[in-house]
Amino acid sequence: MSVHGRIALTPANCTSCMLCVRECPTWCISLQAHQEVAGDPGARRPRTVNVLDDFSIDWGLCMYCGICVDVCPFDALAWGPDPVAVTSAPGGLRHGIDELEG
Amino acid sequence: MFDMLTAVDDPDAASIRVVVHLADVDQGERHLAWTRVDRDDPALDSVVALYPGAAWHEREVHEMFGVRFTGNPDLSPLLTTGDMGFPLRRTTALPARVATAWPGAVEPSDRPAAGRVAARPRSRPGPPGVPPQWQP
């Protein structure tokens, strides 16, 4: 049986497709991204890619259902072994990219 | 033996289904009985005379769905102040889903690359399970 501690994010794999955000039944994930031109900027139709700016999970709302992990097409979200750290700060259960990474 | 009494709102059928669960411990049998009441004027005879334990279940169903149980001596609200409408009817908006903006409304293409025009998606997805009339 796999260990369901918390959900970890690999930002390099994330394409900002918004699937996890939209599938989350508790609305605990939020994501901000912008687009940049990739490849040859002089091309007639330059290719654009999504660049992840901000990703956060509110562990106070998350019910650890794992739907986000299941829907992620690029395995940017995966179960990690560590539990979510306790906090006494207001809003301390909302973790950004830095806390979710690894 | 009386186990529990509850209700299910069914706006499509303009009715509320009142469900009662009865169990016979000796025989190992369980029975689910239900009836439908008119959604606009829901009234039903109380079973308190038969099962005194059903009193608070009827109180809760009255509070949450507005079903009047004729013969129940006390139908005062248990959990709410009684001025919230009928919280468990499907037409009652869920405050948490109305006051909070859906995080899924964000589109990366709303912030396009420098010099590029924001792409307009053909259709914007709405929050799943939230009726359109709840959305701002």
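What counts as what
Within any chain, residue numbers begin from 1 and follow the written order of that chain's sequence. As a convention, the first chain written is A and the first ligand written is 1, with the rest following in written order. Only residues with pLDDT of at least 70 get local features here, since the model is predicted, and only at 80 or more are side-chain atom pairs given and counted; chain-wide, interface and lining totals rely on the full set of residues. Any two strands with at least two DSSP-identified bridges between them are counted as paired. Only DSSP runs of H or I covering at least 4 residues are called helices, and only runs of E covering at least 2 are called strands; the numbering of each starts at the N terminus. Every angle, taken between N-to-C directions, lies between 0 and 180 degrees, and every axis is a line fitted to C-alpha atoms, over only the stretch in contact when it is a helix. Any pair of residues counts as being in contact when their C-beta atoms, constructed from backbone geometry, are within 7 Å of one another.

A. Main features of the sheet that holds strand S1 (residues 2–10) of chain B. Residues and elements named next belong to chain B. Reading across the sheet, the three strands line up as S1-S2-S3 and stay open at both edges, with antiparallel pairing between neighbours. Each edge of the open sheet is held by one strand with a lone partner, namely S1 and strand S3 (29–38). On average, adjacent strands in this sheet sit at an angle of 20 degrees to one another, irrespective of strand direction. In terms of strand pairing, S1 meets strand S2 (residues 15–24) through eight bridges, oriented antiparallel. Paired with Thr-6 across the strands is Val-19, a residue of S2. Most of the contacts of helix H1 (residues 55–65) go to S1, to which it runs at about 10 degrees, and overall it touches S1 and S2.

B. Focus on the pairing of S2 of chain B. A loop of four residues connects S1 of chain B with S2 of chain B, the two strands running antiparallel in sequence, and Ala-14 of chain B in this loop sits at a positive phi of about 55 degrees. Linking two consecutive strands that pair antiparallel, namely S2 of chain B and S3 of chain B, is a turn of four residues; a positive phi of about 70 degrees is found at Gly-28 of chain B within it.

C. Highlighting the environment of Phe-74 of chain A. Residues and elements named next belong to chain A. Checked against the element boundaries, Phe-74 lands in the loop between helix H2 (67–71) and strand S4 (77–80). Linking Phe-74 and Cys-17, residues 57 residues apart in sequence, is a C-alpha distance of 9.9 Å. Setting aside anything within four residues of it in sequence, one finds Phe-74 in contact with Asn-13, Cys-14 and Thr-15.

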